Amino acid sequence: QVQLVESGGGLVQAGGSLRLSCAASGRTFSVGAMGWFRQAPGNEREFVAVFNRAYISTVYADVVKGRFTISSDTEKNTVYLQMNSLQPEDTAVYYCAAGPGISYRQQAYPYWGQGTQVTVSS
């Protein structure tokens, strides 16, 4: 099993920044990729970004490209999501996910964090 604990959510004004963190523990050797999804009220959970630990590569959803940056500290088994130029439409619960490899699909990630709320006011 892999446990994921997120932190760093909060309330920010439009145009502001936040950094989310996700610390993994347990059988982390089985994790090939760590990423972020988000779910706004009334919406489906959607892919945001993912970091591939083996190839040190990243993939972003088009709606966050150029504004969000995903990075990883391998020694700490932690992945970060730096979010800049936040807009009200970025308001959602952000979930950290871990799995064997990169995918846009939620089903590809067996491990999930509890979620952290990000609220962007206009």
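Remember, it's a predicted structure, so these values are computed and weren't measured experimentally.

A few words on the sheet that holds strand β8 (residues 78-83). An order of β1-β3-β8-β7 is seen for the four strands of this open sheet, with the pairing classed as antiparallel. The sheet terminates laterally at β1 (2-7) and β7 (68-73), the two strands that pair on one side only. Within the sheet, the average angular offset between the axes of one strand and its neighbour, ignoring direction, is 20°. Bridge count for β1 against strand β3 (residues 18-26) is six bridges, and the pairing is antiparallel. The partner of Val2 across the bridge, within β3, is Gly26.

Right, let's talk about unusual backbone geometry for a bit. Within the chain, Asn77 stands out as a residue other than glycine whose phi angle is a positive 50°. With respect to the element layout, Asn77 can be found in the loop between β7 and β8. The buried category is assigned to Asn77, whose relative accessible area is 19%. Positive phi, normally seen in glycine, also occurs at Ser85, with a value near 50°. Counting through the fold element by element, Ser85 comes out in the loop between β8 and β9 (92-99).

With respect to the helices and strands, the residue Thr28 is situated in the loop between β3 and β4 (33-39). Its relative accessible area of 12% is what places Thr28 among the buried residues. Setting aside residues no more than four positions away along its own chain, Thr28 makes contact with Val2, Arg53 and Asn77.

The full count for this structure, using the stated rule, is one disulfide. The disulfide partner of Cys22 is Cys96, and the gap between their sulfur atoms is 2.0 Å. Residues Cys22 and Cys96 share a disulfide whose torsion about the S-S bond is about -80°; that sign makes it left-handed. With a gap of 74 residues between them, Cys22 in strand β3 and Cys96 in strand β9 connect regions that are remote in the sequence. The burial state of Cys22 is the same as that of Cys96; both residues are buried.

Rules behind the numbers
- Residues numbered from 1 in each chain as written.
- Predicted model: local features only at pLDDT ≥ 70, side-chain atom pairs only at ≥ 80, totals over all residues.
- Heavy atoms only, no water.
- Pairing = 2+ DSSP bridges.
- Helix = DSSP H or I, 4+ residues; strand = E, 2+ residues; numbered from the N terminus.
- Axes fitted to C-alpha atoms, helices over the stretch in contact; angles between N-to-C directions.
- Buried < 20%, exposed > 50% of the residue type's maximum accessible area, 1.4 Å probe, protein only.
- Contact = heavy atoms within 4.5 Å.
- Disulfide = S-S within 2.5 Å.

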